[in-house]
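Structural overview
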Amino acid sequence: MTEPQPLSENTADVIVVGAGPAGSTTAYYLAKAGLDVLLLEKTAFPREKVCGDGLTPRATKQLVSMGIDISEEAGWLRNKGLRIIGGGVRLQLDWPDLASFPDYGLVRKRDDFDEQLARQAQKAGARLYERCNVGAPVLDERTGRIVGVHAKLGDADSKEKREVTFRAPLVVAADGNSSRLSLAMGLHRREDRPMGVAVRTYFTSPRHDDDYLESWLELWDRRGAEDRLLPGYGWIFGMGDGTSNVGLGVLNTSDSFKELDWREVLKAWCASMPEDWGYTPENMTGPIRGAALPMAFNRQPHYTKGLLLVGDAGGLVNPFNGEGIAYAMESGQIAADVIVQAHARATPGQRELALHRYPRVLKDTYGGYYTLGRAFVKLIGNPKVMKIATQRGLTHPMLMKFTLKMLANLTDPTGGDAMDRIINGLSKVAPKA
């Protein structure tokens, strides 16, 4: 495929703001279809992002579709499934054997992971600008439609930044949870949607080569006279490089969400683990860092006036399990497909009609499932419900297999087993988020 020829250095068919998984995936599929794409990233690779670094089969499928080399020789660590610990029970579940998804997940640090996706987009023909800090949108005075972005562009050798204006008839906001571009276009976060927080760090540990992701369903606040079970989970993911990623994810549906210092909760949880695992301060290889998890379409509409929202900017994190990468990449692919089809239309009215399909596809794909997730989030926000679910649910392996499929959103849409049909049926009848 010949590379697209830009009309000028600062114009394109599409501008994508943010080169995380959502932005790079969007840019990859747009460039692959022959569109001229600008991919603008405010930092320079490699760069750190707060994440558990564990990828489910759903995310793995996306990497395969993008042609990423996911072999062990290329530095990827495979995992077989999920080990769940809680209520005195230790249950090890393999990823389900499905036609639609691989039966393994992956682990890789985000600094390296994100760069691989961005470079893949570059190979497809996208023009990547690093150290490009996007500011205000450029608006059409008559329609209020976004037609570009103002940015400050730097380079590795100079601290000075030059001001640049990039122009395109369509802009994709892939700039994460805070999404300054969305806010500038009047799209604010919905307060009626769940929000989570994740904090994590790395430890040198003999458990670094574990071939199961590990999830702890009991997080306790032991500060008061009575222990309180918190609405969230802890994780231990072996990185295969001598370290473990240890962290926790907590939902804002609990009264204790705002009052607790989650870094201190993580420290206390690590201190309760066996000493020979190595999760002690002297083995910590970096600081504890935190990030928000925007869930269940917490910013809408996903398309308006020339702007499409993908990934965290559109609140696509799965409320059941806090997974964001798979949905970031999937929404990027969906957005790219819609844009490509719109680009081929003859008139502005036809193009606009095609673009308004994007939020409808997202609702059809995830809306019912995310509504179920919001109900789930409210339930586990009640400590009594959480305690019963942990103590009794884990003693039923068949129920937990169903729960794994439900929480990880891993079902075959057609021809699946009874569990798949139940989950798919529930998602279809639930109101669209």
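Residues numbered from 1 in each chain as written. Predicted model: local features only at pLDDT ≥ 70, side-chain atom pairs only at ≥ 80, totals over all residues. Heavy atoms only, no water.

1. Brief notes about the side chain of E41
If you trace the backbone, E41 turns up in the loop between strand 2 (37-40) and strand 3 (54-55). We classify E41 as buried; its relative accessible area is 5%. Not counting residues up to four positions away in its chain, the partners in contact with E41 are G18, A19, G20, R47, L128, Y129, E130, R131 and C132. (Helix = DSSP H or I, 4+ residues; strand = E, 2+ residues; numbered from the N terminus. Buried < 20%, exposed > 50% of the residue type's maximum accessible area, 1.4 Å probe, protein only. Contact = heavy atoms within 4.5 Å.)

2. A short note on the sheet that holds strand 7 (residues 105-107)
Pairing between the strands of a sheet comes from backbone hydrogen bonds, and it takes one of two forms, parallel or antiparallel. Spatially, 3-7-4 is the arrangement adopted by the 3 strands of the open sheet, whose pairing is antiparallel. Whereas interior strands pair on both sides, the edge strands pair on one side only; in this sheet they are strand 3 and strand 4 (77-79). (Pairing = 2+ DSSP bridges.)

3. Quick notes on the domain arrangement of the protein
Examined at the domain level, the protein breaks down into domain 1 (14-77 + 104-192 + 295-376), domain 2 (195-293) and domain 3 (382-422). Contact residues are listed per partner, giving 9 residues for domain 1 and 5 residues for domain 3. Roughly 650 Å² of surface becomes buried between domain 1 and domain 3 when both sides are summed, with 61% attributable to carbon and sulfur atoms. Summed over the three residues of domain 1 that lose the most area to domain 3, namely R58, F320 and Y369, the buried surface amounts to 58% of that side. Joining domain 1 to domain 3, the criterion identifies 0 salt bridges. Viewed at the interface, domain 3 and domain 1 are joined by 6 residue pairs in polar contact (both at pLDDT 80 or more). Those elements that place two or more of their residues in the side of domain 1 that touches domain 3 are helix 2 (57-65) and helix 8 (357-380). (Domains from an automatic or database assignment. Buried area = accessible area lost by both parts, 1.4 Å probe. Salt bridge = Lys/Arg side-chain N within 4 Å of Asp/Glu carboxyl O. Polar contact = N/O pair within 3.5 Å; in protein donor to acceptor, adjacent residues only side chain to side chain.)

4. Remarks on helix 1 (residues 21-32)
For helix 1, spanning 12 residues, the distance from its first C-alpha to its last is 16 Å, which sits close to the expected 16 Å at 1.5 Å a residue. Within helix 1, burial applies to P21, A22, G23, S24, T25, T26, A27, Y28, Y29, L30 and A31. Where helix 1 is buried, its residues contact strand 1 (14-17), strand 2, helix 2, helix 3 (110-124), strand 12 (170-173) and helix 6 (325-343). Among the residues trailing helix 1, G34 stands out with phi positive, at a value near 100°. (Expected span 1.5 Å × (residues − 1).)

5. Topic: the packing of helix 1 against helix 6
Here helix 1 crosses helix 6 at 30°, and the two axes come no closer than 7 Å. You can see that helix 1 and helix 6 cross each other, and the crossing is right-handed. Along the contact surface, helix 1 presents P21, A22, T25, T26, Y29 and L30, while helix 6 presents I325, A328, M329, G332, Q333, A336, I339 and V340. Across the contact of helix 1 with helix 6, the residue classes break down as 10 nonpolar, 4 polar and no charged. (Axes fitted to C-alpha atoms, helices over the stretch in contact; angles between N-to-C directions. Left-handed = near helix turned anticlockwise from the far one by under 90°. Nonpolar A, V, L, I, M, F, W, Y, C, P; charged D, E, K, R; others polar.)

6. Focus: the environment of S179
Its place among the elements puts S179 in the loop between strand 12 and helix 4 (180-184). Judged by relative accessible area, S179 falls into the buried class, the value being 0%. Sequence separation of S179 and G18 is 161 residues, and the distance between their C-alpha atoms is 9.5 Å. Filtering out sequence-adjacent residues up to four positions away, S179 remains in contact with A173, R299 and A313. Among the polar contacts made by the side chain of S179, one reaches the side chain of S182 at a distance of 2.5 Å.

7. Digging into the state of the cysteines
Per the stated rule, a full pass over the model turns up 0 disulfides. Free cysteine C51: the closest other cysteine sulfur is in C270, separated by 17 Å. For C51, a relative accessible area of 16% translates into the label buried. (Disulfide = S-S within 2.5 Å.)

8. Some remarks on the sheet that holds strand 18 (residues 243-251)
One open sheet accounts for 7 strands, arranged 6-5-14-17-18-13-19; its pairing is mixed. Of all the strands in the sheet, the pair left with one neighbour each is strand 6 (89-94) and strand 19 (289-294). Shown here is a sheet whose adjacent strand axes are inclined to one another by a mean of 20°, direction ignored. In the sheet, strand 5 (residues 81-86) pairs with strand 14 (residues 212-216) via 5 bridges, with the strands oriented parallel. Residue R83 lies in a different strand from strand 14, and its bridge partner there is E214. Contacting strand 5 and strand 6, helix 10 (residues 397-408) crosses the sheet at an angle of about 55° to strand 6.

9. Thoughts on the pairing of strand 2
As a general feature of sheets, a regular strand has side chains that alternate between the two faces. Side chains V37 and L39 project from strand 2 onto one buried face, and the interleaved L38 and L40 project onto a second face that is buried too. Pairing of strand 2 with strand 8 (residues 127-129) involves 3 bridges; the strand directions are parallel. The residue of strand 8 that forms the bridge with L39 is L128.

10. Notes on the packing of helix 6 against helix 7 (residues 348-355)
The interhelical angle for the contact between helix 6 and helix 7, taken along N-to-C directions, is 165°, at an axis separation of 8 Å. Classified by the angle between their axes, helix 6 and helix 7 sit roughly antiparallel to one another. In the packing of helix 6 onto helix 7, the handedness of the crossing is right-handed. Contacts between helix 6 and helix 7 involve V338, I339 and A342 from the first element and R351, A354 and L355 from the second. Residues belonging to the contact of helix 6 with helix 7 are distributed by class as follows: 5 nonpolar, no polar and 1 charged. (Parallel < 35°, antiparallel > 145°, perpendicular 65-115°, else oblique.)

11. Regarding unusual backbone geometry
With omega at -5°, the peptide bond leading from F45 into P46 counts as cis. Note that P46 resides in the loop between strand 2 and strand 3. Cis geometry marks the peptide bond from Q300 to P301; its omega dihedral reads 0°. A positive phi angle, near 55°, is found at A296, a position not held by glycine. The topology assignment puts A296 in the loop between strand 19 and strand 20 (303-304). A positive phi is found at N409, a non-glycine position, where the angle reads about 55°.

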